[in-house]
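Given next are the chains, with one letter for each unit.
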Amino acid sequence: MARLCLGIDCGSTTTKGALYDGEQVVKTVLLPTAARPRERMQQIYDALYSQDVGFVVTTGYGRDLLEQSDRRITEITCHAKGAAALCPGICGVADIGGQDSKAILLDRDGSVADFIMNDKCAAGTGRFVEMMSRILDCPLDQIDQFVEGCTPVEITSMCTVFAESEIISLLAQGAHRGDIALGVIRSICQRTALFAQKLRPQGELFFSGGLARFEAFRRTLEEFLGLPVRTHPQSQLAGAIGAAIIGHRKIK
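Not measured: the values here are computed from a predicted model.

For the protein, the helix and strand inventory stands at 8 helices and 10 strands. A compact globule built from 252 residues should have a C-alpha radius of gyration of about 18 Å, and the protein, at 18 Å, falls within 12% of that. Projecting the C-alpha coordinates of the protein onto the three principal axes gives extents of approximately 65 × 40 × 30 Å. The proportion of buried residues among the 252 residues of the protein is 54%. Long-range contacts, defined here as pairs at least 24 residues apart, represent 64% of the contacts in the protein between residues at least 6 apart. As displayed, the protein has an accessible area near 11,700 Å², and 48% of this comes from carbon and sulfur atoms. If you average the places of the 27 positive and of the 29 negative side-chain charges in the protein, the two averages end up 4 Å apart.

A rise of 1.5 Å per residue sets the reference length of helix α2 (residues 75-86), with its 12 residues, at 16 Å; its end C-alpha atoms lie 16 Å apart and thus fit the reference within 8%. Within α2, 10 of the 12 residues are buried, leaving the element largely enclosed by the surrounding structure.

Attention now moves to the pairing of strand β7 (residues 101-106). Most of β7 sits out of view: 6 of its 6 residues are buried. Where burial is concerned, the two faces of β7 agree: the one with Ser 101, Ala 103 and Leu 105 and the one with Lys 102, Ile 104 and Leu 106 are both buried. Where strand β6 (residues 92-96) and β7 come together, 5 bridges link them in antiparallel fashion. Opposite Gly 92, over in β7, you have Leu 105 as the bridge partner. Counting the residues in the hairpin turn of β6 and β7 gives 4 residues. Bridging between β7 and strand β8 (residues 112-118) involves 6 bridges; their strand directions are antiparallel.

The next subject is the side chain of Thr 15. If you trace the backbone, Thr 15 turns up in strand β2 (residues 14-20). Only 2.8 Å separates the side chain of Thr 15 from the side chain of Thr 33, close enough to count as a polar contact. Excluding residues within four positions of it along the chain, Thr 15 makes contact with Ile 8, Asp 9, Cys 10, Val 29, Leu 30, Leu 31, Thr 33, Arg 40, Met 41 and Ile 44.

This brings us to the sheet that holds β6. Strand order in the open sheet formed by 5 strands is β8-β7-β6-β9-β10, with mixed pairing between adjacent strands. The open sheet is flanked by β8 and β10 (229-230), the only strands paired with a single partner.

With that out of the way, let us pick up the packing of aromatic side chains. Aromatic ring pairs are described here by two measures, namely the spacing of the ring centres and the angle between the planes. One pass over the structure, following the stated rule, counts 2 aromatic pairs. Judged by centre distance (4.8 Å) and plane angle (20°), the rings of Tyr 45 and Tyr 49 are stacked. Centre to centre, the rings of Phe 214 and Phe 217 are 6.4 Å apart; their planes meet at 45°, and the pair counts as tilted. Residue Phe 214 is classed as buried on the basis of its relative accessible area of 5%. With relative accessibility at 0%, the residue Phe 217 sits in the buried group.

A word on the nonpolar core. Core analysis: the biggest nonpolar cluster contains 42 residues, and Ile 167, Phe 207, Phe 217, Leu 221 and Leu 225 have the highest contact counts within it. At the level of elements, β6, β7, α3 (126-136), α4 (143-147), α5 (160-172), α6 (177-196), β9 (205-208) and α7 (215-225) are the ones that each hand at least two residues to this core. Per element, the largest residue contribution to this core is 10 residues, and it comes from α6. Residues within four places of Leu 225 in sequence aside, it is in contact with Ala 193, Ala 196, Gln 197 and Leu 205. Within the second largest apolar cluster, 19 residues are counted, among which are Ala 18, Ile 104, Phe 206 and Ala 244.

Look at α3 against α6: their axes get within 11 Å of each other, and the N-to-C directions meet at 175°. Accordingly, the angle class assigned to the pair α3 and α6 is roughly antiparallel. Contacts between α3 and α6 involve Phe 128, Val 129, Met 132 and Leu 136 from the first element and Arg 177, Ile 180, Ala 181, Val 184, Ser 187, Ile 188 and Arg 191 from the second. A per-class count over the contact of α3 with α6 returns 8 nonpolar, 1 polar and 2 charged.

Parameters at a glance
- Per chain, residues are indexed from 1 in the order of the written sequence.
- For a predicted model such as this one, the threshold for reporting local features is a pLDDT of at least 70, and the threshold for listing and counting side-chain atom pairs is 80 or more; totals across whole chains, interfaces and linings nevertheless cover every residue.
- Just so you know, side-chain values use all the structure's heavy atoms and leave hydrogens and water out.
- The numbering of helices and of strands both runs from the N terminus, where a helix is a DSSP run of H or I of at least 4 residues and a strand a run of E of at least 2.
- Within these notes, the globule rule equals 2.2 Å times the number of residues to the 0.38 power, and the radius of gyration is based on C-alpha atoms.
- Relative accessibility thresholds used throughout: buried, under 20% of the residue-type maximum; exposed, over 50%; partly exposed, between the two (1.4 Å probe, protein chains only).
- Any two residues whose heavy atoms approach within 4.5 Å at even a single point are treated as in contact.
- Here, Shrake-Rupley sampling with a 1.4 Å probe gives the accessible areas, and only protein chains in the shown set may cover a residue.
- Just so you know, the count uses Lys and Arg for positive and Asp and Glu for negative, and it drops His and the chain ends.
- To locate a charge, take atom NZ for lysine, CZ for arginine, CG for aspartate or CD for glutamate.
- Residue count minus one, scaled by 1.5 Å, sets the expected span of a helix.
- Whether two strands pair comes down to DSSP finding at least two bridges between them.
- Whenever two N or O atoms come within 3.5 Å, that pair is a polar contact, provided that in protein one can donate a hydrogen and the other can accept it, and provided that, for residues adjacent in sequence, both atoms are side-chain atoms.
- Pairing of aromatic side chains here covers Phe, Tyr and the six-membered ring of Trp, requires ring centres within 6.5 Å, and sorts the geometry by plane angle: under 30 degrees stacked, over 60 edge-to-face, intermediate tilted.
- Working definition of a nonpolar core: buried Ala, Val, Leu, Ile, Met, Phe, Trp, Tyr and Cys residues. They are joined through side-chain atoms within 4.5 Å.
- Axis geometry follows a simple rule: fit a line to the C-alpha atoms, using only the stretch in contact for helices, then measure angles between N-to-C directions, giving values from 0 to 180 degrees.
- Angles are sorted into four bins: roughly parallel if under 35 degrees, roughly antiparallel if over 145, roughly perpendicular if 65 to 115, and oblique for all others.
- Only Asp, Glu, Lys and Arg are considered charged in this grouping, and only Ala, Val, Leu, Ile, Met, Phe, Trp, Tyr, Cys and Pro are considered nonpolar; every other residue, Gly among them, is considered polar.

Below you can see the structure in the form of structure tokens.
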């Protein structure tokens, strides 16, 4: 009997895959989505699928693009399940994705009790960080070092287009690049915290998404939320892991 389940989460920026055996995640793959979500999902399927895989669950924006999928589930459900598995005892999830951000409130069983989503404005998402990284010449994987010891400059614009112009103006005025970057981080985290607080979470929150890799974001989000914010080395894979866990229950 097949004992593994494959979960694939196709987001706007990255596509993730996870194999789950009922007790732990045994293998993962992460690829940039770019402009080829269908191709990326197929690549991850080909890399992780074997005769031991009994069920395939897809989630995320591209969840309908893989023909071999046995079930397609919303990213809200999968992120909640994955986050609860990575950090048991959390009361909710704050996720900052490539083109949206979301907050999820969990019940005692780790299932979705309520959620709120911001997919109308890129200023609170990973796209904003990519824009900042390009203008400030800051490698994305070096954000923590780039802002260490800096004093944030306030970013007042609520729109990515205007914020880009504001950053360019700050550079022309001689503002330090690290100070500007930290200002952008605070702007993103403040927006995320404001709509997450509408769910009235009580307890520890889990921070998922690509930006959860960076301590500067986790620490700043914790400051604005006024609640403990936890993360995990596999936080970016929460959606794929949750999909795999849900699929494994179907096997059983």
